[in-house]
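These are the residues of each chain, in order.
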Amino acid sequence: MSKNPIRLPPLPRLRVRNPNKREANPCLAIMTSVLACWASAGHTGRACNTVEDALRACMDAPKAPPKPSNTINYHLQRLSTKLTKQASKNK
């Protein structure tokens, strides 16, 4: 076995772009339908009652528990000091 650890090439920054992507709102399409119905029939008309009820049901539905956030940027930042120390020792 080799005693020398694997050396990584120097990187300008250790960062992953936006690892936490937001999920789309499931009620957005229904809300768009309600707004379109109100625009065409007026907001006081009975023509939009079924779409309004669907929006209320969607908004009142229980939310899914949030996913744990990705911690890769934290760990890259924490380990960057060790990587930069190794790079400076080699020079």
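Residues numbered from 1 in each chain as written. Predicted model: local features only at pLDDT ≥ 70, side-chain atom pairs only at ≥ 80, totals over all residues. Heavy atoms only, no water.

Peer 1: Explain the state of the cysteines to me, please; I cannot follow it from the model alone.
Peer 2: Each disulfide consists of a covalent bond between the sulfur atoms of two cysteine residues. According to the stated counting rule, one finds 2 disulfides in the structure shown. The partner cysteine of Cys27 in its disulfide is Cys58, sulfur to sulfur 1.9 Å. Looking along the S-S bond of the Cys27-Cys58 disulfide, the torsion reads about -95 degrees, which is the left-handed sense. Remark: Cys58 occurs in helix α2 (residues 49-60) and Cys27 occurs in the segment before α1 (28-41); sequence separation between them is 31 residues. Just as Cys27 is buried, Cys58 falls in that class too. Across a sulfur-sulfur distance of 1.9 Å, Cys37 and Cys48 are joined as a disulfide pair. Around the S-S axis, the bridge from Cys37 to Cys48 shows a dihedral of about -95 degrees and counts as left-handed. In this pair, Cys37 is assigned in helix α1 and Cys48 in the loop between α1 and α2, connecting sequence segments 11 residues apart. (Disulfide = S-S within 2.5 Å. Helix = DSSP H or I, 4+ residues; strand = E, 2+ residues; numbered from the N terminus. Buried < 20%, exposed > 50% of the residue type's maximum accessible area, 1.4 Å probe, protein only.)

Peer 1: What is the right way to look at the pattern of salt bridges in this model?
Peer 2: A pair can form between side chains of opposite charge whenever their charged atoms are brought close. One pass over the full model with this rule turns up 1 salt bridge. Residues Asp53 and Arg56 are paired through a salt bridge, measuring 3.2 Å at the closest nitrogen-oxygen approach. Here Asp53 pairs with Arg56, and both are found in helix α2, just 3 residues apart, close to one helical turn. Accessibility expressed as a relative area gives 49% for Arg56, which makes it partly exposed. (Salt bridge = Lys/Arg side-chain N within 4 Å of Asp/Glu carboxyl O.)

Peer 1: I tried to follow the side chain of Glu52 on my own but got confused; where do I start?
Peer 2: Structurally, the position occupied by Glu52 is in helix α2. In this structure Glu52 is buried but unpaired, with Arg56 as the nearest side chain of opposite charge at 4.1 Å. (Lys, Arg positive; Asp, Glu negative; His and termini not counted.)

Peer 1: When you look at α2 in this model, what are you seeing that I'm missing?
Peer 2: Every α-helix carries 3.6 residues per turn, so stepping three or four residues along brings you back to the same face. A rise of 1.5 Å per residue sets the reference length of α2, with its 12 residues, at 16 Å; its end C-alpha atoms lie 16 Å apart and thus fit the reference within 8%. Turning to α2, its buried residues number three or more, namely Glu52, Leu55 and Cys58. For α2, the buried positions fall inside an angular range of 125 degrees around the axis, keeping them on one side. Residues of α2 that are exposed and angled more than 90 degrees away from the buried face: Thr50 and Asp60. (Expected span 1.5 Å × (residues − 1). Arc of directions from axis to C-beta.)

Peer 1: Hey, could you run me through the environment of Pro9 in this one?
Peer 2: Residue placement: Pro9 occurs in the segment before α1. Residue Pro9 is classed as exposed on the basis of its relative accessible area, which comes to 56%. Each C-alpha atom, one on Pro9 and one on Leu83, is 9.4 Å from the other, the two residues being 74 residues apart in sequence.

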